[in-house]
Amino acid sequence: NTLVLFISDNGAESFGHNGILNGDKISLLEGGHRVPAIAYWKGKIMPSISNETVMTFDWMPTFLGLSQTPISSKQQLDGIDISEHLLTGQPLPERKLYWKYLKEKAMRQNQYKLWVNETDTMLFNLEKDIIELENIAFQYPEKVKRMSTDLELWNQEMSMITQKTN
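Residues numbered from 1 in each chain as written. Predicted model: local features only at pLDDT ≥ 70, side-chain atom pairs only at ≥ 80, totals over all residues. Heavy atoms only, no water.

**With respect to the overall build of the chain**
- Each helix and strand in the chain was counted, giving 4 helices and 6 strands.
- Seen along its three principal axes, the alpha-carbon backbone of the chain occupies a region of about 50 × 40 × 30 Å.
- The 166 residues of the chain split such that 33% are buried.
- Across the chain, every contact between residues at least 6 apart in sequence was considered, and the portion connecting residues at least 24 apart equals 46%.
- The chain carries 17 positive and 21 negative side-chain charges, and their two centres are separated by 4 Å. (Helix = DSSP H or I, 4+ residues; strand = E, 2+ residues; numbered from the N terminus. Buried < 20%, exposed > 50% of the residue type's maximum accessible area, 1.4 Å probe, protein only. Contact = heavy atoms within 4.5 Å. Lys, Arg positive; Asp, Glu negative; His and termini not counted. Charge placed at Lys NZ, Arg CZ, Asp CG, Glu CD.)

**A few points about the environment of Asp150**
- As for its position among the elements, Asp150 is in helix H4 (residues 141-165).
- Residues Asp150 and Trp59, spaced 91 residues apart in sequence, show a C-alpha to C-alpha distance of 24 Å.
- With sequence-adjacent residues up to four places away left out, Asp150 is seen in contact with Lys96, Tyr98 and Met107.
- Looking at Asp150, its side chain comes within polar contact range of the side chain of Lys96, at 2.7 Å. (Polar contact = N/O pair within 3.5 Å; in protein donor to acceptor, adjacent residues only side chain to side chain.)

**Describing the pattern of salt bridges**
- All told, the structure shown has 8 salt bridges when counted by the stated rule.
- A salt bridge links Asp150 to Lys96; its shortest N-O distance comes to 2.7 Å. Of this pair, Asp150 sits in helix H4 while Lys96 is found in strand E3 (residues 96-101), placing the two residues 54 residues apart along the sequence.
- Under the relative-accessibility criterion, Lys96 is labelled partly exposed at 37%.
- Residue Glu152 is joined to Lys105 by a salt bridge in which the shortest nitrogen-to-oxygen separation is 3.2 Å. Here the residue Glu152 occupies a position in helix H4, and Lys105 occupies one in strand E4 (residues 104-109), the gap between them amounting to 47 residues.
- A relative accessible area of 31% places Glu152 in the partly exposed class.
- Through salt bridges with shared partners, a single ionic network connects Glu30, Arg34, Lys113 and Glu132. (Salt bridge = Lys/Arg side-chain N within 4 Å of Asp/Glu carboxyl O.)

As structure tokens, then:
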């Protein structure tokens, strides 16, 4: 009757090992935040491997959904309920995902990841380049422009929320 979940919030420290992934803890490169998760619920979750991108903030709506706890319309949760994915393998809906740490920002949309720091704007196709070695920004200037605009709008929204809570 118990869902057991193992997750981490960051990749390994610089002295650790993130396999082939670039970056380490606190970096917005894949090695800094891509971590495995294990969900076990006897008789409910069948053994499988998923490559879906799940965020830590997806777990709250998922727990609420699995426990059939209603979410008030006044509550705004950032994540999505991934119950159907866990229980039946249903693919997750397409969505834009964002990260920010100090002067580094990133956005993921489908297989594309835009990574921005103080000196560079880089675009990676994570399906073809999980190591994030090939910057393809120059090949897709319109995609970079759209994603940069989305990232900046998100960043402004987060700044306004931060100002309201301080």
